[in-house]
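Secondary and tertiary structure notes
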Amino acid sequence: MQIKKITLYSIAILCLLNVRYITAQIPVTNLDASIALKNPGNNAVHYPLKGTTGERSVQLKADKDIPVVITRTVEKNRIEVVISAQEDIYFNFKQRINTTYSHDDCQFYMPGFWYRRNLRSPKEAPSFHTSDSWTVREDRLSVPMTAVFNERTGEYLSVMRMDDFKEEALTTHKEGEVIVSGKTSIGYTGFENVNSNANISFGFPYYETPKTYIRKLTLAPPVEAFQYLEKGESIKLAWLLQSGKVSDFSGLIRQLWEYSYDTWRPEPVDIPFSDDFVKETLTGFFTQSFVSDHPLKFNSGEAMVVATCESVGRAEIGFVGRVLLNAFNALEYGQQNNRAELVSNSYSVFDSYLDHGFTPNGLFREFVNFDDDRAKPNTLTLSIRRQSEGLYAMFHFLQYEKENGRKHPEWESKMKSLLEKILLLQNEDGSFPRKFNDDLTIEDGSGGSTPSVTVPLVMAYKYFNDKKYLNAAKKTADYLEKEIISKADYFSSTLDANCEDKEASLYAATAMYYLALISKGNEQQRYSDLSLKASYFALSWYYMWDVPFAQGQMIGDIGLETRGWGNVSVENNHIDVFIFEFGSVLNWLSKRYDEPRFDDFVKVISSSMRQLLPFENHMCGVAKTGYYPEVVQHTNWDYGRNGKGFYNDIFAPGWTVASLWELLSPGRAEKFLSK
């Protein structure tokens, strides 16, 4: 099923009727254009273009004869350009709108890729540390849009490309002037500082400046792509403009997400995989990945080779292996479906971690590598995120066992002791350090991962009926409201990247959801409002549209439709199935705020994220049934291997299986906290 498209004319009418979405018409005098023409084997020649000032529909002309006719129509909030070749040409068409805002007053937004100035990202990734002007190819973005927000006045302007986006083609090079081997739908968008004014730049085909981002922390020289247009052939390009006024950057994200959703109208992917079928298939991972020949028993879930899916001796308790959560999911499913092997394996995981899964100071051994003699408990830095994810899984296990008449006093004692250590790490402002050692000395004091610990603290309060855990959780909320959510500064939740990322906003939304569930009255309203605000940031990372792939790019040949998948972070520019409980958060917020978009988009996410489920005759490039792929490379970027249309050669199915399982187990938090 395709994304529900409405015509550009209909979109223009919709935007005119909804004054929240457009409040001003952009003067044509603020709109520049140029075209670059390339004769193969020669450097391209760039031609500035001029049209008749003040007219809505004009022919754009260079100061000398060129073999192309370019007509541009500007109608309210729509720009349409028709390029017609009078001879065979290779072209790159560029436009630029002067917002008239001072560049220094502005923050910038490209959904799923650029937030504010990307100053949380290092200079080796796209950020203001390297340049204050960037243009990028559209398939890097969850919506092909750039917005410029004037913090001083509250005004903003956005430009969004509209197309069917059905075509993509390969190039022989990734930098410099490159000729696309066939037809592509992918253009570019971005922002530039021109004479101290903020400009939105956009055009076709893609053009990345001042650098192109080709793999993790690797910037390369710029790239300019050229599309072939045969004599007598024409191409039509269209963009929508929106301007308005908001109170802050969070207001910008919300308004543009709603506007984008109403424009693209993404529908669920038409796919036959039921919840039951997906879970049954994922149990193939539980059975085939089980490792039992070490003191710790676990499902091998990270640093595995996609081509073989052979188990390795690496046990990771939280992200990315999610050993304990997978053990709980397998236990619950095994008992519900009379799968004795799953039950037996799961109990052996919990038993082994009770005996061998703690550091000398009583914290979780987060990561143990039995393959290269890094099995000692005190050799690796610990993290608040992995500790929290281990606690989260254990509370689900203990609550499930208690409901079924089984008690685990030793585990409860271990959890209380671990929580006491965790509470010692909390700062006066309510934050927790990102990374630390077993003796609780701090390695990374950044507070960006704080929301991950809110969740198990709320669970601990409910399970042990001890308000000190709730008080600590509320202190994290104070920190999150003051330093993260109110500042729209979501960062540092991804373990291998300390930058702007999806998971920071997703965890913040989930943390506030948990606090709202155990609160009442004004306090509940406060937490609900904060969860809502953070949720828009998390949603902004999820694709509204289907990225095109070239023939021969495997996941495109499979037929992957990208709507509903989420970009990861500024540093890790790929899509994945990270969702976990966020679907439940959105469903709950949808009811509380009467926001049907949230419920509807969860349906899109839930349908779309099933697409690469590997089973017999539908292996999706993965060696074993149920090993759901992880690094899905959808743009000109790779994690080290293979590039667009393929996976990285190494993956971590432990967390992908856990994420999909939680997506298909809605309402867990509400059930747990209602006990």
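Quick note: structure is the one above.
The shown structure was predicted, so the numbers you read here are calculated from the model rather than taken from an experiment.

Side note on the nonpolar core
- Among the nonpolar cores identified, the biggest contains 163 residues, and F364, W411 and F582 are the most heavily contacted of them.
- The element that contributes the greatest number of residues to this core is helix α10 (residues 502-517), accounting for 10 residues.
- Grouped together as the second largest cluster of nonpolar side chains are 44 residues, L49, A198, L237 and L241 included.

With respect to the sheet that holds strand β5 (residues 78-85)
- Spatially, eight strands are ordered β3-β4-β5-β19-β11-β10-β7-β8 in an open sheet, and the strand pairing comes out antiparallel. A strand with exactly one partner marks an edge of an open sheet, and here the two such strands are β3 (57-60) and β8 (114-116). The average angle at which neighbouring strand axes cross in this sheet is 20°, direction not considered.

Focus on empty space enclosed by the protein
- Summed over the entire model, instances satisfying the criterion amount to six cavities of 30 Å³ or more.
- Lining the largest cavity are 14 residues, with R322, Y392, Y507, F580 and E581 sitting closest to its centre.
- Of all the secondary structure elements, the ones that give two or more residues to the lining of the largest cavity are α6 (384-403), α8 (451-464) and α10.
- Looking at the lining of the largest cavity residue by residue, the class counts come to seven nonpolar, three polar and four charged.

A look at the packing of aromatic side chains
- All chains considered together, the criterion is met by 53 aromatic pairs.
- Each ring, one from F298 and one from F370, has its centre 6.2 Å from the other, and the planes form 10°; the classification is stacked. Remark: F370 occurs in the loop between β24 (367-369) and β25 (382-383) and F298 occurs in strand β21 (residues 298-299); sequence separation between them is 72 residues. Here F298 matches F370 in class, with each residue buried.
- On the basis of an interplanar angle of 85° and a centroid distance of 5.8 Å, the ring pair of Y513 and Y514 is categorised as edge-to-face. One exposure class covers both Y513 and Y514, and it is buried.
- Every member of this aromatic cluster is reached through a ring pair, and the members are Y109, Y115, F149, F249, Y490, F537 and W541.
- Above the face of the Y207 ring, K94 is positioned so that its terminal group lies 4.6 Å from the ring centre.
- Directly above the aromatic system of F549 lies the positively charged group of K644, at a separation of 5.3 Å from the ring centroid.

Some thoughts on the packing of helix α13 (residues 582-592) against helix α14 (residues 596-608)
- Relative to each other, α13 and α14 sit at 150°, their axes nearing to 7 Å. Classified by the angle their axes make, α13 and α14 are roughly antiparallel. Of the two elements, α13 crosses α14, and the hand of that crossing is left-handed. Contact with α13, carried on its side by G583, L586, N587, L589 and S590, involves P596, F598, D599 and V602 of α14 and no other residues of that element.
- Its residues placed into classes, the contact of α13 with α14 shows five nonpolar, three polar and one charged.

Some thoughts on the sheet that holds strand β26 (residues 435-436)
- Taken in spatial order, the three strands line up as β25-β26-β27 in an open sheet, and their pairing is antiparallel. If you trace the sheet from one side to the other, it starts and ends with β25 and β27 (442-444), each paired once.
- Note: β26 against β27, two bridges, orientation antiparallel. Bridged to F436 within β27 is I442.

Side note on the environment of S674
- Inspection of the secondary structure assignment puts S674 in the segment after α16 (668-673).
- By relative accessible area, which is 55% here, S674 ends up exposed.
- For S674 and L517, which are 157 residues apart along the polypeptide, the C-alpha to C-alpha distance reads 8.6 Å.
- Polar side-chain contacts of S674 include one of 2.9 Å to the backbone oxygen of K671.

Analysis parameters
Residues numbered from 1 in each chain as written. Predicted model: local features only at pLDDT ≥ 70, side-chain atom pairs only at ≥ 80, totals over all residues. Heavy atoms only, no water. Core = buried A, V, L, I, M, F, W, Y, C linked by side-chain atoms within 4.5 Å. Buried < 20%, exposed > 50% of the residue type's maximum accessible area, 1.4 Å probe, protein only. Helix = DSSP H or I, 4+ residues; strand = E, 2+ residues; numbered from the N terminus. Pairing = 2+ DSSP bridges. Axes fitted to C-alpha atoms, helices over the stretch in contact; angles between N-to-C directions. 1 Å grid on protein atoms, 1.4 Å probe; cavity = no way out; pocket = protein on both sides within 12 Å on 5 of 7 lines; lining within 4 Å. Points joined across faces, edges and corners; volume = space filled by probe spheres on them. Nonpolar A, V, L, I, M, F, W, Y, C, P; charged D, E, K, R; others polar. Phe/Tyr/Trp six-rings, centres within 6.5 Å; stacked < 30°, edge-to-face > 60°. Lys NZ or Arg CZ within 6 Å of the ring centre and 35° of its normal. Parallel < 35°, antiparallel > 145°, perpendicular 65-115°, else oblique. Left-handed = near helix turned anticlockwise from the far one by under 90°. Contact = heavy atoms within 4.5 Å. Polar contact = N/O pair within 3.5 Å; in protein donor to acceptor, adjacent residues only side chain to side chain.

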